[in-house]
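Tertiary structure, described
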Amino acid sequence: MANVPNDKISRKFIRETKQLLNCPRDYRKQFIADLQESLAKFISENESVDESDIISYFGTPDDLAQTYLDSIPQEELSAYTRNRKLRIIIIFLVLILSSGITVSYLSYEAYVSKKLRVIKIEETIKTLDEDIE
């Protein structure tokens, strides 16, 4: 069983590599699962492992991620990138639209509340004729 420092080192290495994988989820999940298995095996076979040992054996997270991305068909990466950009644009537009609707609604509510403000004044009129009789 790996000790805590080795576990932290491997988790950091995996996290850094995962952040660099700009590819479809299925590819990323499979690669990370394989990497976790390979790291666990490497750590269990070597008593004292530090970050430099992992980098010497596997390469830097950047190199490892780039090598893997190079193995994915270019058409799939291009389609993934296009779809991701499209999703980001749609999310941005929805946020802008919902912000505009919210601001418009709040402005309208403020306008209506000022326009419909009713001041109620009650007056009592007392006639002098009643007091004289």
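Residues numbered from 1 in each chain as written. Predicted model: local features only at pLDDT ≥ 70, side-chain atom pairs only at ≥ 80, totals over all residues. Heavy atoms only, no water.

This paragraph deals with the side chain of T17. Here T17 lies in helix α1 (residues 4-19). Those residues within four positions of T17 in sequence are excluded, and the remaining contacts are F31, L35, P61, L64 and A65. (Helix = DSSP H or I, 4+ residues; strand = E, 2+ residues; numbered from the N terminus. Contact = heavy atoms within 4.5 Å.)

To continue, consider the packing of aromatic side chains. Scanning the entire structure with this criterion turns up 5 aromatic pairs. Taking the centre distance of 6.2 Å and the plane angle of 45° together, the rings of F13 and F58 count as tilted. Note that F13 is positioned in helix α1 and F58 in helix α3 (residues 51-58), a separation of 45 residues in sequence. Each member of the pair, F13 as well as F58, is classed as buried. When the ring of F42 is compared with that of F58, the centres are 5.7 Å apart and the planes differ by 80°; the resulting orientation is edge-to-face. Remark: F58 occurs in helix α3 and F42 occurs in helix α2 (residues 25-45); sequence separation between them is 16 residues. On the basis of relative accessibility, which here comes to 17%, the residue F58 falls in the buried class. Pairwise contacts between aromatic rings join F13, F42, Y57 and F58 into one cluster. (Phe/Tyr/Trp six-rings, centres within 6.5 Å; stacked < 30°, edge-to-face > 60°. Buried < 20%, exposed > 50% of the residue type's maximum accessible area, 1.4 Å probe, protein only.)

This part is about the nonpolar core. Of all hydrophobic cores here, the largest spans 19 residues; its most connected members are L21 and L35. Not counting residues up to four positions away in its chain, the partners in contact with L21 are R28, F31, I32, A65, Y68 and L69. (Core = buried A, V, L, I, M, F, W, Y, C linked by side-chain atoms within 4.5 Å.)

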